[in-house]
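Overview (structure and organization)
Chain residues, written in single-letter form:
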Amino acid sequence: MIKDIQQEIIRLKKEKDICILAHCYQSPEILEVADFAGDSFALSVEASKVKNKTVIMCGVRFMAETVKILSPDKRVILSNPDAGCPMAEMLSKEYVSEVKEQYPDYTVVAYINTTSELKTICDVCVTSSSALEICKKIDNSNILFIPDCNLGDWIAKQMPEKNFKLLNGCCPTHAQMCAEDVIKAKQLHPDALVLVHPECRPEVVSLADYVGSTTGIMNYAKNSDANAFIIATENSIVTHLQLACADKKFYPLSKDCICHNMKATTLVDVLNCCKGEFGEEIILDEEIYKGAKSCIDEMIRLG
């Protein structure tokens, strides 16, 4: 049944000139029909290079918006309209504008996990893999980092020469893991390395053997000489690594580390998107497009 649906998706995407993007947190059956799989911004870059006129983003809303910003002439479809991102929606444009007034001499750095509307009042975007490099290159010692205070804290600790202001935003999925989870996991698997996403709490990050983006974690595990790993990010990565490295062992730090928004998209959703019967086309007005693009362009310039 799954194979039949996959074959029909592949047939339709060829027939209708569709490019399918799938974030790493998607299920294996969706990744198998995708043209590109990876982290959110990397997918947007790949989409901008292809000739396809229609792009389906199997991820969450801010990711589809980023695809549209980098490919304004393409038709961009969010595979499931209900797939949002709690962290991206945590801070409003109005609230951040008020904070900016309190700190007028601070450069506002926005994690890519923000809405396009919020990006319009920020100076530069960063990804989890580029944040440290870009913050170092910013010609200002004062940085207001939004929205993820955990990622911001990880960066700030590596850059004591700069002043960071952090707001109280986070990824609920990553933030639920705590130091006690790491201690228990290490007791069960003493030889396993702990690989942590910087969206986790500082207490979890401090116990990691490696800290990095989703793709960074996967590459580290694949290339490491070690054969056992505790994974502190969304649990789908454990599944993907088990399939990619059957000779190694992977353990989730928490069985509850599941992003329900990422799981909203199903293989049948993708099929119906290809048929033109489901999904939501991303439309950005000119003001939001230009403002958000300026923020992303600055990231590309610095990174």
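Refer to the structure printed above.
This report concerns the structure included in the present document. (Residues numbered from 1 in each chain as written. Predicted model: local features only at pLDDT ≥ 70, side-chain atom pairs only at ≥ 80, totals over all residues. Heavy atoms only, no water.)

1. Overview of the packing of helix α1 (residues 2-15) against helix α14 (residues 267-275)
Stated formally: Comment: axis = line fitted to C-alpha atoms, over the contacting stretch for helices; angle = value between 0 and 180 degrees taken between N-to-C directions. Runs of E in the DSSP output that reach at least two residues are strands. Runs of H or I that reach at least four are helices, and both are numbered from the N terminus. When describing relative orientation, an angle under 35 degrees is termed roughly parallel and one over 145 degrees roughly antiparallel, while 65 to 115 degrees is termed roughly perpendicular and anything else oblique. Should the near helix be turned anticlockwise from the far one by less than a right angle, the crossing is termed left-handed; should it be turned clockwise, right-handed. Contacts were defined at the residue level, with two residues in contact if any of their heavy atoms lie within 4.5 Å. Gly is put with the polar residues, along with every residue not named as nonpolar or charged; the nonpolar set is Ala, Val, Leu, Ile, Met, Phe, Trp, Tyr, Cys and Pro, and the charged set is Asp, Glu, Lys and Arg.
Contact geometry of α1 with α14 gives a least axis separation of 9 Å together with a crossing angle of 30 degrees. Here α14 runs roughly parallel to α1, going by the angle between their axes. Here α1 and α14 pass one another in a crossing that is left-handed. Across the interface between the two elements, Ile2, Ile5, Gln6, Glu8, Ile9 and Leu12 from α1 touch Leu267, Val268, Val270, Leu271, Cys274 and Lys275 from α14. Along the lines of polarity and charge, the residues of the contact of α1 with α14 split into 9 nonpolar, 1 polar and 2 charged.

2. Remarks on the pattern of salt bridges
Put simply, the rule is: Think of a salt bridge as a Lys or Arg side-chain nitrogen and an Asp or Glu carboxyl oxygen that are within 4 Å of each other. Type-normalised accessible area, obtained with a 1.4 Å probe on protein chains alone, sets the label of each residue: buried when under 20%, exposed when over 50%, and partly exposed for intermediate values.
If you walk through the whole model with that rule in mind, you get 14 salt bridges. Across the pair Asp35 and Lys13 runs a salt bridge whose closest N-O atoms are separated by 3.1 Å. Separated by 22 residues along the polypeptide, Asp35 in the loop between α2 (28-31) and β2 (36-38) and Lys13 in helix α1 bring together distant segments of the chain. On the accessibility criterion, Lys13 (10% relative accessible area) is buried. Between Glu203 and Arg201 there is a salt bridge, with the nearest N and O atoms lying 3.9 Å from each other. Look at Arg201 and you get partly exposed, because its relative accessible area is 32%. What emerges from the salt-bridge pattern is a single network uniting Glu8, Arg11 and Glu15.

3. Here we look at the nonpolar core
The nonpolar side chains of a soluble globular protein tend to be buried, and buried together. As a reminder of what qualifies: Buried Ala, Val, Leu, Ile, Met, Phe, Trp, Tyr and Cys residues form a nonpolar core when they are joined through side-chain atoms within 4.5 Å.
Counting 89 residues, the largest nonpolar core has Phe145, Ile146, Ile155 and Ile231 as the members making the most contacts within it. Among all residues touching Ile231, those that are not within four sequence positions of it are Leu195, Ile217, Ile237, Val238, Leu241, Phe250, Tyr251, Pro252 and Leu253. Membership of the second largest hydrophobic core comes to 17 residues, among which are Ile9, Ile20, Val33 and Val270.

4. Describing the pairing of strand β11 (residues 228-232)
The criterion, for reference: We call two strands paired when DSSP finds no fewer than two bridges between them.
Counting buried positions along β11 yields 5 of 5 residues, so the element is predominantly enclosed. Of the two faces of β11, the one lined by Ala228, Ile230 and Ala232 and the one lined by Phe229 and Ile231 are each fully buried. Where strand β9 (residues 193-196) lies against β11, 4 bridges are found, and the strand directions are parallel. Bridging from a neighbouring strand, Val194 pairs with Ile230 of β11. Bridge analysis of β11 against strand β12 (residues 249-252) gives 4 bridges, and the strand direction is parallel.

Purely geometric stuff here, so don't read any function into it on its own.
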